[in-house]
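Letter by letter, the chains look like this.
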Amino acid sequence: MTALANRYDFVLLFDVSKGNPNGDPDAGNLPRLDPETNHGLVSDVSLKRKIRNYVELARDGAPGCHIYVQEGAILNEQHRKAYVALRPDDEKAKKEGKLNPKNDEEAQRLRDFMCRNFFDVRTFGAVMSTGINCGQVRGPVQMTFAQSIEPIVPQEISITRMAATNEAEKKQRAEGSEEDNGRTDNRTMGRKHIVPYGLYRAHGFISAKLAERTGFGEADLDLLREALVSMFEHDRSAARGEMASRKVIAFKHASALGNAPAHALFERVEIGRNIAGELRKIDRQIDNYPPARAFSDYVVTINRANLPEGVEVIEWL
């Protein structure tokens, strides 16, 4: 695998329409909000989950593209695969509930096995020191929380379940009906929270120096880029509404350590409202205009003037 030679910083823009991009279970599944500004939030964990799911679907267990953090997976059993591979004749490696490397050399080989076989360990890193100890890996790819460009106003929609779950519930509903109108009353009511529309922005970082330690290479970068563009296409559900990646803007550095601070590069990507065909800065002065309800209500600009030496702008999407 070709080693990654360049540092990258990238801006991810995605939107949600009539859905809940990242509900908070502790708040009745209400879309996550910054309480001071009412800007919507989507966690980095949620975004990484979508990337993992895409890679799992796209590569279907191909060598080097297994996924370490899967729904319902027992992480210690993932660690055990490394011990079994390194100690094929050791029966304890197949059964023991606690395993530790014999020395520093074996500890490194265990980490190398996990990085080599699991895409998300090689990419995002992992803490693998639980019970069956494979150590810790710091990943070269990191992402921030995504935040909506403008404040959002979540809506609470009531929903009704018409069907009963079992015979006892059906009988209870029938006996509880007070009106002889051919309908079964006392139906189960519920609520669904949605965001009518929101455009979200997240920042990402890819360290070539950390990639040297995990083996994250150019082929992995291509797969990550593919996932960032298409990760919402296979993550559809009624609860999430319509979500789509809209822009992925990368800053490629000529050197592994980088040629400019990431925050200065991110400031070159500006987003404004499209008001009657004109770009308007997002501030309180546009509050009297209708709220944004489509990506076309925004304008994304990239300041390419006087780029730092050794930095290139690439639009992945």
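Residues numbered from 1 in each chain as written. Predicted model: local features only at pLDDT ≥ 70, side-chain atom pairs only at ≥ 80, totals over all residues. Heavy atoms only, no water.

As recorded in an unreviewed UniProt entry, the protein chain goes by the name Type I-C CRISPR-associated protein Cas7/Csd2, listed as coming from Chelatococcus daeguensis.

> Talk me through the overall build of the protein chain; I want residue IDs and the actual numbers.
Each helix and strand counted, the protein chain has nine helices and 15 strands in total. Principal axes of the C-alpha set define a box for the protein chain whose edges measure 75 × 60 × 35 Å. Counting only residues that meet the buried cut, the protein chain has 42% of its 317 residues in that class. For the protein chain, restricting intrachain contacts to residue pairs at least 6 apart in sequence, the fraction spanning at least 24 positions comes to 72%. Accessible area for the protein chain stands at about 17200 Å²; split by element, carbon and sulfur atoms hold 47% of it. Distance between charge centroids for the protein chain: 2 Å, based on 45 positive and 46 negative side chains. (Helix = DSSP H or I, 4+ residues; strand = E, 2+ residues; numbered from the N terminus. Buried < 20%, exposed > 50% of the residue type's maximum accessible area, 1.4 Å probe, protein only. Contact = heavy atoms within 4.5 Å. Areas by Shrake-Rupley, 256 points an atom, 1.4 Å probe, with all protein chains shown as cover. Lys, Arg positive; Asp, Glu negative; His and termini not counted. Charge placed at Lys NZ, Arg CZ, Asp CG, Glu CD.)

> Describe the pattern of salt bridges, listing the residues and the values that go with them.
Applying the stated criterion across every chain, the model contains 20 salt bridges. For D120, the salt bridge is made with R52, and the minimal N-O distance between the two is 2.8 Å. A residue pair is termed long-range when its members are at least 10 positions apart, and D120 in helix α5 (residues 119-124) and R52 in helix α1 (residues 44-59) qualify at 68 residues. Here R52 falls in the buried class, since its relative accessible area comes to 11%. Between R240 and D235 there is a salt bridge, with the nearest N and O atoms lying 3.0 Å from each other. (Salt bridge = Lys/Arg side-chain N within 4 Å of Asp/Glu carboxyl O.)

> Can you lay out helix α2 (residues 75-86) for me, pointing to particular residues and giving the numbers?
Taking 1.5 Å per residue as the helical rise, α2 with its twelve residues ought to reach 16 Å, and the 18 Å between its terminal C-alpha atoms agrees with that figure. When we look at burial in α2, the residues that qualify are Q78, H79, R80, A82, Y83 and L86. Against α3 (92-95) and α4 (104-117) lie the buried residues of α2. (Expected span 1.5 Å × (residues − 1).)

> Can you break down the packing of aromatic side chains residue by residue, with the values?
Throughout the structure, instances matching the rule amount to six aromatic pairs. For the pair F10 and W316, a centre-to-centre distance of 6.0 Å together with 40° between the ring planes defines the contact as tilted. Placement of F10 in strand β1 (residues 8-19) and of W316 in the segment after β15 (311-315) is noted, with a sequence separation of 306 residues between them. Accessibility classification places F10 together with W316 in one group, the buried group. Note on F14 and Y200: the rings are 5.5 Å apart at their centroids and 5° apart in plane angle, and the pair reads as stacked. Of this pair, F14 sits in strand β1 while Y200 sits in strand β10 (residues 188-206), and the two are 186 residues apart along the sequence. Taken as a pair, F14 and Y200 share a single burial class, namely buried. A connected cluster of aromatic rings, assembled from ring pairs, spans Y8, F10 and W316. Over the aromatic face of Y298 sits the side chain of R273, whose NZ or CZ is 5.9 Å from the ring centroid. (Phe/Tyr/Trp six-rings, centres within 6.5 Å; stacked < 30°, edge-to-face > 60°. Lys NZ or Arg CZ within 6 Å of the ring centre and 35° of its normal.)

> Could you give me a rundown of the packing of α1 against helix α8 (residues 218-230), with the residues and numbers involved?
α8 packs onto α1 with a crossing angle of 110° between their chain directions and a minimal axis gap of 9 Å. In terms of orientation, α1 lies roughly perpendicular with respect to α8. Relative to α8, α1 is oriented so that their crossing is right-handed. Listed contacts from α8 to I51, Y54, V55, A58 and R59 of α1 are L223, L224, E226, A227, L228 and S230. Along the lines of polarity and charge, the residues of the contact of α1 with α8 split into eight nonpolar, one polar and two charged. (Axes fitted to C-alpha atoms, helices over the stretch in contact; angles between N-to-C directions. Parallel < 35°, antiparallel > 145°, perpendicular 65-115°, else oblique. Left-handed = near helix turned anticlockwise from the far one by under 90°. Nonpolar A, V, L, I, M, F, W, Y, C, P; charged D, E, K, R; others polar.)

> Quick one: what's the story with the environment of K50, residue by residue and with numbers?
Within the element layout of this structure, K50 appears in helix α1. On the basis of relative accessibility, which here comes to 6%, the residue K50 falls in the buried class. Sequence separation of K50 and E233 is 183 residues, and the distance between their C-alpha atoms is 9.9 Å. Each residue touching K50, except ones within four places of it in the same chain, is listed here: M231, F232, D235 and R240.

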